[in-house]
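Survey of secondary and tertiary structure
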Amino acid sequence: MPHVAGSVAELLHRLDRIAHIAADRLVIDDEPAFRDRGIRDLAWTATFGEDAATVEAARWIVWEASQELGARSASIHELYMARARGEWGGFTVPAINLRAQTFDMARVVFETAARADAGAVILELARSEQTYTYQRVFEYATSALAGAIAAGWRGPVFIQGDHYQFNAKKYAADPESMTEEIRKACRDAIAAGYRNIDIDSSTLVDLTQPTLDDEQRENYTRAAELTALIRELEADGVSVSVGGEIGEVGKQNSTPGELRAYLDGYRRELDRRAPGAIGLSKVSVQTGTSHGGVPLPGGGVAEVKLDFAVLEELGRVAQEYGLAGAVQHGASTLPDELFHRFPQVGTAEIHLATGFQNLLYEHPAFPAELHREIEAWCFANALDERKAGQTDEQFVYTSRKKAIGPFKRILWDLPTKDEILVAQADKIDFLYRQLGVPGSRELVDRHVRPVELHRPLPDALLATAAG
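Attention here is on the structure that accompanies the text. Since the model is a prediction, treat every value here as computed from it, not as a measurement.

**A look at the overall build of the protein chain**
A tally of regular secondary structure across the protein chain gives 20 helices and eleven strands. Since a compact globule built from 467 residues should have a radius of gyration of about 23 Å, the 22 Å found for the protein chain is in line with a globular shape. With the C-alpha coordinates aligned to their principal axes, the bounding extent of the protein chain is approximately 70 × 55 × 45 Å. Buried residues in the protein chain amount to 58% of all 467 residues. At a minimum sequence separation of 6, the contacts of the protein chain that also span at least 24 residues come to 78%. Counting only carbon and sulfur atoms, one obtains 50% of the accessible surface of the protein chain, whose full area is about 18100 Å². Of the side chains in the protein chain, 50 bear a positive and 69 a negative charge, and the two mean positions are spaced by 1 Å.

Here's what the structure looks like:
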């Protein structure tokens, strides 16, 4: 069982003969031991530690280890620009939302990628998921990098802020305050080491307006404003990959006219704010899916009518504008037999979240008693989210994601998790192969050059190391 250190001194003691600090740098003394016991202790301490200085120290060590061991946070922007130029195609990049067991899931993602010689995979977390999974950006980045280190990964680690989304009601009441929330989210993400951010201002689209430009104006204006901010925040010479969105997931399907209006307006607005600034690398569209799927009254998920022709056409339009293509959200609960079609229609990226959560909760090795506890938690804490006419099964299906945060430590320490992780690895491998990413490592290495970036030694760690 990994150990949670209660002090900086205890943390350094646990790393004795595995790693040490020389001046302001981390030195790895025993790489196999560090990738095994050392990184687990660091990940658990960074996630569950109660002493702020110790948590900060653990996060610093993980970041520095990622620099030393070649698992550096990176932007996928240049890979996507190569796709926009027509230099590659034939596969769709999976972006996997890690809600639970984040360290172990990240480890499995990269172990599976290494076996498949796949480099094109993104780890992401939506802004809303930060809240209910109890994972803020510094913690998530640390867990993702720690999982890569544990997997023995050497190569770019793409960490993405998914759905940095405007709340339409809050925006209507106070546009500046709502926008500042998203600005702060971008600042925090970049400070934590994220190099990929998806701006979702599609919630501001007003379909009652007389023209497509009018409909998309608030959307493209805010997306351009935030892109300009992100470009200002770039301090290491790396262009953060920025994604836009034109169709709110679960709403009506997007159209080429809407996409052109958004991209034309976005470019005009970005040039007004930051002339010549690098713009979007991709754009998310709506093609008939919904986040999490639609649960049926007796269990299971309703069949989705996903329009691949719309997805293909919108992807071509996006590439006309110099983007990698279109992004598909809400896809992880689709039938297995559909995934091979995404690369066939030229989809640039696909977001996968709820399917992995479902596999965790519904695996035969998941303890029955814990199931009952989580269901009881949902009825005690999430009843205000229950929709009229929902059965108990539908309600639990839609609300159980909110239990991930309250049960986080239990899920990380689950005694049966290894059996469940085998199933997760099988699912990830299946998706890699259906999406065509095996063999993409060489292409990623050709276009992506992660920058070595060291962070200042934290005061508490400096004092302890000096002593």
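Now that the structure is up, let's keep going.
**Observations regarding the packing of helix α14 (residues 354-362) against helix α18 (residues 417-435)**
Two numbers describe a pair of packed helices, the interaxial angle and the distance between the axes. Viewed as axis vectors pointing N to C, α14 and α18 meet at an angle of 150 degrees, and their least axial separation amounts to 10 Å. Between α14 and α18, the angle falls in the class roughly antiparallel. Between α14 and α18 the crossing geometry is right-handed. In this structure, α14 contributes Phe356, Leu359 and Leu360 to the contact, and α18 contributes Ile420, Ala423, Gln424, Lys427, Ile428 and Leu431.

**Quick notes on the pairing of strand β7 (residues 196-200)**
Consecutive side chains along a regular strand alternate between the two faces of the sheet. The element β7 is largely enclosed, with a buried count of five among its five residues. Neither face of β7 is exposed, since Asn196, Asp198 and Asp200 on one face and Ile197 and Ile199 on the opposite face are all buried. Inspection of the sheet shows strand β6 (residues 157-165) paired to β7 by four bridges, in the parallel sense. What sits directly across from Tyr164, in β7, is Ile199. Taken together, the three bridges between β7 and strand β8 (residues 241-245) define a ladder with parallel strand orientation. Its bridge partner lying in β8, Ile197 is registered against Val242. The parallel pair β7 and β8, bridged by helix α10 (residues 212-233), forms a crossover whose chirality is right-handed.

Procedures and definitions
Residues numbered from 1 in each chain as written. Predicted model: local features only at pLDDT ≥ 70, side-chain atom pairs only at ≥ 80, totals over all residues. Heavy atoms only, no water. Helix = DSSP H or I, 4+ residues; strand = E, 2+ residues; numbered from the N terminus. Rg over C-alpha atoms; globule rule 2.2 N^0.38 Å. Buried < 20%, exposed > 50% of the residue type's maximum accessible area, 1.4 Å probe, protein only. Contact = heavy atoms within 4.5 Å. Areas by Shrake-Rupley, 256 points an atom, 1.4 Å probe, with all protein chains shown as cover. Lys, Arg positive; Asp, Glu negative; His and termini not counted. Charge placed at Lys NZ, Arg CZ, Asp CG, Glu CD. Axes fitted to C-alpha atoms, helices over the stretch in contact; angles between N-to-C directions. Parallel < 35°, antiparallel > 145°, perpendicular 65-115°, else oblique. Left-handed = near helix turned anticlockwise from the far one by under 90°. Pairing = 2+ DSSP bridges. Right-handed = clockwise from strand over helix to strand, strands pointing away.

Purely spatial values, then, with no claim about function.
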